[in-house]
Amino acid sequence: MDWLTTVDHKKIAILYLLGGGLFFGIGGIEALLIRLQLIKPMNDMLDAQTFNELITMHGTTMIFLGVMPIVFALMNALIPLQIGARDVAFPFLNALGFWTFLFGGILLNLSWVMGGAPDAGWTAYTPLSSSMYSETHGVDFYTVGLQIAGLGTLIGGLNFLATIITMRAPGMSFMRMPMFTWTSFVTSAMILFAFPAITVGLVLLTFDRILGANFFDVAGGGNPVLWQHIFWIFGHPEVYILILPAFGVISEVIPTFSRKRLFGYSSMVFATILIAFLGFMVWAHHMFTTGLGPVANALFSISTMLIAVPTGIKIFNWLFTMWGGQVSFTTPNLFAVGFIPTFTMGGVTGVMLASAPADFQFHDTYFVVAHFHYVIVGGMVFGLFAGLHYWWPKMFGRMLSEPLGKWTFWTFAIGFHMTFFVQHFLGLIGMQRRIVTYLPNQGFDTMNLISTVGAFLMGVGVIIFLVNIIRTSMKPIGVANDPWGDGRTLEWTIPSPPPEYNFKQIPLVRGIDAYWKEKMAGNTEMAPSEPVGPIHMPSPTILPFIMSLGIFIAGLGLMFSGEEFSNSFMSLIFNNWIVCGLGLLITFGCMLLRSLYDDHGWHIEPEELEEEGV
Amino acid sequence: MMKRWQVMKRLLPMLAIFTLLLAGCGREDLSVLKPQGPVAQGQFDLIKLSISIMLVVLVIVFALAAFVLIKFRRRPGQTEMPEQVEGNFKLEVIWTVIPLVLVLVLAVPTVKEVFAFGEDHSNDDNAIKVKVTSHQYWWEFEYPQYDITTAQDLIIPTNRDIAFELKTMDVIHSFWVPSLSGKLDTNPDGTINKFSFSAPNEGVYLGKCAELCGPSHGFMEFKVKSVSQESFDQWVTAMKEPMVPIEDVALAETFKNQCLTCHAVGDQGGSSGPNLTGIGSRETVASILLNSDVAGEYTNPVEDNLKEWLIDPQSVKPGNKMPAPKDLGLTDDEINGIAEYLANYKLDY
Ligand code: HEM
Ligand SMILES: [Cu+2]
């Protein structure tokens, strides 16, 4: 119950981690099924329809429900700590964001048991995704589920923006913020601009499918290429929304375990912003083969290639952070160090794809599958593993086992390269993506086998990680504030896990890497910026949960509004919009309740703080 | 300066070996890495250039990383704090400028090639015009200059520009013959995509649909058959011949009523299904049942393939739009008879 009503950012972080972990597991199982089907030519383990549902759900789940929430888990757990704040700006909204994400995700996955999962690819190109060609409710689950989940993301992003802008501790100017906070800030800004685009697209597609509108229907004067533009205006920034926080994690982990400050901090900040900006300018590089014409193709080719420049800056800055330092190979740092070559490989194939005429050959082949997995798994997932191992003691007060962590790294990394390296060549010798099977004797067989074996090795890595978590959670809580010994930022100045209020006294920040700066000056603690006083805390509330439940019900109601049920009661309540209305009523009722009832929260008094003996 | 040249000297053989490796990859009629025509060649040159540049980047990054990781490992007993370096303006400028230069090296030929590929050959009198129409899950090829239509096997003469116009009847597909040219989508919105390629050598090239288009997306393949000019002319003449009738009158009637409502054969029939004229001499049935009379592991005579298709089209290509002949009321004998007739319907060219 505690967990349903919490508004504490640290607990919400754990909820995001659990939710994200769950969906990541589902997406992973889907990936393994896909790989199993492709293990040999003309395999008929899965039928074609199921296969298309699997690739669609795998992509959608991984991106929207798997890694994105885990990023949010880290952001929630760390941003307030890193900037010296007691919580996020809007704790209530924070909880609401989580619950809408979870209910959206559940709705989407219900499609597996409620008559057909979406089957038009995670990009859901129309007309394939229109009700004419995708007749089950699958794509409805996709549009409605993602709208609900996307709402949560948007709320979260706004909240982080407000938090970072308004709640930094005294002395923490923008140019003193830790890199992870910086990248989270830029990511949140990107969410603010990118998510409305996909939401609009999804709403239009919902209208087309459920209410018979014609936005993407040629016969009714619509245009399917419009969907591609809307989708990618969101979709391209989205991949940077994923990768930037990983950059942030790497920029925290490498300095700590090299015992050096980040090389070229200001150029890192500048590069991050530039990447975000360019990220919005290049969407049409996903559409070179759509036939936009040579002028557009040339422009988008060049603007895409330009992203290599700020990315290169980052890579070299990381390398030079380690230069002259004392690099220790802890598990987080193994992942961080492993990130650099892997991500570089994903990056260079990205530049290759940017060359439009060459992309006519690469596009929609396994070369592309290899490229984006190098970026998303080799970059983002490695970054997440680094971050999770690094901050685990801070979040849970227990160290993950180092030997198990190293096993995770090696199995996962080797499995990863086995899976995806050969896919570059598969693409180049003519294997298109999203195919349920392939004829023998095309030269595809061996490489597909290797790829599948590698995928299972990655699975082993993930299982070792889970074992590590379970074993660790048996241990008693109680690691030091700064268990790695070389923490540089504010989160390492407070106990692990942090108390509910984070900081008894808000610290005074005197430079970049605030904690490290104090350590160098011979201090063991931060100087406080305020006297000890009562701390204001928001009250827990169940409203966010119920509000999200309401939206979930409304979503189901909307989807099945046109359905012909065999049961007349069901027809009555669905076809007359009663279910949909009821859901909305619940949600708006909660909003009303929240506005009318003034909750002032509560206070932790100074005496209590002393008692805890911090 | 001297030193840098030394590095290049080491890199060059590596690049040469790499090119050889790439060129050894895949089947000639399928692989992007073994281009069989000028368009694919242009694209392959760009791929080689970009891979080379990117390999240089990778080598530098990997070498640097390996060096740093070995040289600056933390040694036992190391307690002193390393010097905290802020950054280095000069270095940072260097690694901003170098990528910029590399990008420029790739950008210039890219732009040149983009415009070369964008050239419109549709008004070129010398070119063979082909209107490609994609359907779930088959390809239709119309030759307006000759007033013929075929499906699945695209016959072209060697060394002539083939000017394509692409469109679709249903969802988006993508027309791709890896060893002859990159892919281009077939759009449903009335925008007709145009491009062209040519094939200098005679041969059969594999084509594929590259855009997810439904359950049988992976089965939506086709063949491009490049033949001599004389053969092509013969083929055109043969295609225009009237239909060879079925001898058995009852079977001919069934065929006409049940099959020709959608399919065309010679001068008879409809156009909502693939044209079947000369299907006996095609490379495949339904694009994935490969015809082969050669004895051995993969013997699949056309007739067997046709029977397999006619007995249960859905199991061969799930989701396809052809009704199962059994559901249309055809008996096994009729199916076998039609399969035999079609298998023997060969064109001489
Ligand atoms: C366990 C590791 C993974 C394996 C073995 C794996 C494997 C695959 C395979 C085989 C495909 C289908 C390719 C095709 O035919 O289209 C695929 C597609 C995809 N994967 Fe993964 N994947 C993994 C992890 C991830 C992760 C972590 C993400 C993102 C965060 C991701 C994102 C995607 C996306 C977006 C697609 C495209 C789906 C579509 O075509 O609609 N994958 N993956
Ligand atoms: Cu297709």
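Here, residues in each chain are numbered from 1, in the same order as that chain's written sequence. Starting at A for chains and at 1 for ligands, labels are handed out in the order in which the entities are written. Thresholds applied to this predicted model are a pLDDT of at least 70 for local features of residues and 80 or more for the giving and counting of side-chain atom pairs; totals over whole chains, interfaces and linings are not thresholded and use all residues. For side-chain calculations, the full set of non-hydrogen atoms in the structure is used, while hydrogens and water are omitted.

1. Section: the interface of chain B and chain A
Size of an interface, as often reported, equals the accessible area lost when the parts are brought together. What counts, and what does not: What makes two residues a contact is simply this: any of their non-hydrogen atoms within 4.5 Å. In this description, buried area is defined as the sum, over both parts, of the accessible area (probe of 1.4 Å) that is lost when the two are combined. Only one rule defines a salt bridge in this text: a Lys or Arg side-chain nitrogen within 4 Å of an Asp or Glu carboxyl oxygen. N or O atoms closer than or at 3.5 Å make up a polar contact, with two conditions inside protein: a donor-capable atom paired with an acceptor-capable one, and, for residues adjacent in sequence, both atoms drawn from side chains. The helix and strand labels rest on DSSP assignments: H or I over at least four residues marks a helix, E over at least two residues marks a strand, and numbering proceeds from the N terminus.
Facing 88 residues of chain B, the contacting portion of chain A comprises 92 residues. Of all residues in chain B, R74(B), W95(B) and L212(B) give up the largest surface area on contact with chain A, accounting jointly for 10% of the area buried on that side. In this structure, the connection of chain B to chain A is made through one salt bridge. Counting every contact that joins chain B to chain A gives 24 residue pairs in polar contact (both at pLDDT 80 or more). Contributing elements (two or more residues each) for the side of chain B that touches chain A: α2 (38-71), α3 (89-117), β7 (181-186) and β9 (203-209) of chain B.

2. A closer look at the sheet that holds strand β1 (residues 128-135) of chain B
All names here are of chain B. Heads up, the condition is: Each pair of strands is called paired provided DSSP finds at least two bridges between the two strands. Orientation is described by lines fitted to C-alpha atoms, with helices fitted over the stretch in contact, and by angles between N-to-C directions that extend from 0 to 180 degrees.
The five strands are arranged β3-β2-β1-β5-β8 in an open sheet whose pairing can be described as mixed. In this open sheet, the two edge strands, each paired with only one partner strand, are β3 (148-151) and β8 (193-197). Averaged over all neighbouring strand pairs, the angle between strand axes comes to 25 degrees, with direction disregarded. Bridging between β1 and strand β5 (residues 162-168) involves seven bridges; their strand directions are parallel. Looking across to β5, one finds that V130 is bridged to F164. Packing of helix α4 (residues 229-240) onto the sheet brings it into contact with β1, β2 (138-143) and β3, and relative to β3 it is tilted by some 100 degrees.

3. So, the coordination of the copper ion (ligand 2)
Each angle at a metal carrying four tetrahedral donors should ideally be 109.5 degrees, and each at a metal carrying six octahedral donors should ideally be 90 or 180 degrees. Residue and element names in this part refer to chain B. Rules: Here the term donor refers to an N, O or S atom within 2.8 Å of the metal (or 3.2 Å for Na, K and Ca), and because water is left out of the atoms, sites may appear incomplete. Any residue under 20% of the maximum accessible area for its type is buried, any over 50% is exposed, and the rest in between are partly exposed; the area is computed with a 1.4 Å probe on protein chains only.
Taken together, H173 (ND1), C209 (SG) and C213 (SG) make up the protein donors of the copper ion (ligand 2), found 2.1 to 2.3 Å from the metal. Donor residues for the copper ion (ligand 2), ordered by position in the chain, follow H-x35-C-x3-C. Assessed through its relative accessible area of 0%, C213 is described here as buried.

4. What about the coordination of the iron atom of ligand 1?
All names here are of chain A. To keep things clear, this is the line we draw: Note on geometry labels: four donors, all angles 85 to 135 degrees, give tetrahedral; four donors become square planar and six octahedral when opposite donors are over 155 degrees apart and every other angle is between 65 and 115; remaining cases are irregular.
The coordination sphere of the iron atom of ligand 1, as far as protein atoms go, consists of H58 (NE2) and H373 (NE2), spread over 2.1 Å. Seen from the iron atom of ligand 1, its six donor atoms lie at angles of 87 to 179 degrees, and the figure they make is octahedral. Residue H58 is located in helix α3 (residues 48-83), and its partner H373 is located in helix α13 (residues 366-396); the two are separated by 315 residues in the primary sequence. Residue classification places H58 among the buried positions, given a relative accessible area of 15%. Looking at H373, the relative accessible area reads 14%, which means it is buried.

5. With respect to the pattern of salt bridges
A full pass over the atoms with the stated rule returns 17 salt bridges over all chains. Residue R86(A) pairs with E530(A) through a salt bridge whose shortest N-O separation is 2.8 Å. Placement of R86(A) in the loop between α3 and α4 (91-110) and of E530(A) in the loop between α16 (514-520) and β1 (535-537) is noted, with a sequence separation of 444 residues between them. When the shortest N-O distance is used, the salt bridge between R433(A) and D364(A) registers 3.5 Å. On the criterion of sequence distance, the pair formed by R433(A) in the loop between α14 (402-428) and α15 (445-474) and D364(A) in the loop between α12 (356-362) and α13 is long-range, its members being 69 residues apart. Assigned by exposure class, R433(A) and D364(A) land together as buried. Through salt bridges with shared partners, a single network forms among R259(A), D486(A) and R74(B).

6. As for the layout of surface pockets
Residues and elements named next belong to chain B. Worth spelling out the cut-off: Within this scheme a cavity is a closed region of a 1 Å grid, computed over the protein atoms alone, that accommodates a 1.4 Å probe without allowing it to escape, whereas a pocket is open but has protein on both sides within 12 Å along at least five of seven lines; lining residues each have an atom within 4 Å of a point. Grid points are joined across faces, edges and corners, and a volume is the space filled by probe spheres set on the points. Residues are sorted three ways: Asp, Glu, Lys and Arg are charged, Ala, Val, Leu, Ile, Met, Phe, Trp, Tyr, Cys and Pro are nonpolar, and all the rest, Gly among them, are polar.
When its volume is computed, the second largest pocket comes out at roughly 770 Å³. In this structure, the second largest pocket is lined by 36 residues; those nearest its centre are H263, G273, P274, W309 and M322. Only α5 (249-259), β13 (284-285), α6 (302-311) and α8 (332-343) provide two or more residues apiece to the lining of the second largest pocket. In terms of residue count, the dominant contributor to the lining of the second largest pocket is α5 (four residues). Class assignment for the residues of the lining of the second largest pocket results in 21 nonpolar, 11 polar and four charged.

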